[in-house]
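# Structure assessment
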Amino acid sequence: MLIDKEDVHDLTGFLRTAQEKLAESDHDVFRFGIADPASSCEAYPHQYEQACEAANWLQFSHEQSIAYYHDLDYGVFIASIPAAEAKRFVDHVFNGLDEQQIEDFHTTFAAYRDFNGSIIHAANKLFLHKNTLQNRLNKIASVTGYNPRILKDYTVLDTAFTLRSYLKQISPSYRSEKAV
């Protein structure tokens, strides 16, 4: 939608009303990504891309149903990476691993991340002994070359897992290069 800010003073309220009306007839959740205001017609293609990136991030993250592009944080970065480059990065990080190995590593990594690096809490979430979780983290490090306990490596792994999940969302046929 192209909306003149002079016509709608409460854009979020307007879109929430539209969501309610659409949900009544369709029973689906509609997500709205809102671009930065355009200063001219020439800016519309760029603004359209911003709105799509914001909407794609909302669809992926399930954080909310309306978001302004300028309010996105990690989503700006993830949604703006071309799919081919994101796939190249993911394939580089998980080189040689099959889909099941990546999924298993992701489960371990996600628990570790969700509990802010707490081995005990992450192990409890996964119903594991803390030594077993430590062994799994060590295996991630030895197989990928990226140690989740080293901040720089943690960031690479977190980005690779997020990009992989995002690619699977926007392209359901996505598979990593080495998948069986």
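Above this text you will find the structure in question.
Because the structure is a prediction, the values reported are computed rather than measured. (Residues numbered from 1 in each chain as written. Predicted model: local features only at pLDDT ≥ 70, side-chain atom pairs only at ≥ 80, totals over all residues. Heavy atoms only, no water.)

### Some points on the environment of Ala141
Along the chain, Ala141 turns up in helix α7 (residues 130-144). Ignoring any residue separated from it by four or fewer positions in sequence, one finds Ala141 in contact with Tyr146, Asn147 and Pro148. (Helix = DSSP H or I, 4+ residues; strand = E, 2+ residues; numbered from the N terminus. Contact = heavy atoms within 4.5 Å.)

### A short note on the packing of helix α5 (residues 99-114) against α7
Each packed pair of helices is defined by two parameters, the angle between the axes and the distance between the axes. α7 packs onto α5 with a crossing angle of 120° between their chain directions and a minimal axis gap of 10 Å. By the angle class used here, α5 and α7 are oblique. Along this stretch, α5 crosses α7, giving a crossing that reads as left-handed. In contact with Phe105, Thr108, Phe109 and Tyr112 of α5, α7 contributes Leu133, Arg136, Leu137, Lys139, Ile140, Val143 and Thr144. Here the contact of α5 with α7 is composed, by residue class, of seven nonpolar, two polar and two charged. (Axes fitted to C-alpha atoms, helices over the stretch in contact; angles between N-to-C directions. Parallel < 35°, antiparallel > 145°, perpendicular 65-115°, else oblique. Left-handed = near helix turned anticlockwise from the far one by under 90°. Nonpolar A, V, L, I, M, F, W, Y, C, P; charged D, E, K, R; others polar.)

### Description of a nonpolar patch on the surface
A cluster of nonpolar side chains, contributed by Met1, Ile3 and Phe14, occupies part of the molecular surface with about 320 Å² of accessible area. Mapping Phe14 onto the fold places it in helix α1 (residues 11-26). Using a relative accessible area of 37% as the deciding quantity, one classes Phe14 as partly exposed. (Patch = residues over 30% accessible without salt bridge, like charges linked within 9 Å, V, L, I, M, F, W, Y side chains within 5 Å. Areas by Shrake-Rupley, 256 points an atom, 1.4 Å probe, with all protein chains shown as cover. Salt bridge = Lys/Arg side-chain N within 4 Å of Asp/Glu carboxyl O. Buried < 20%, exposed > 50% of the residue type's maximum accessible area, 1.4 Å probe, protein only.)

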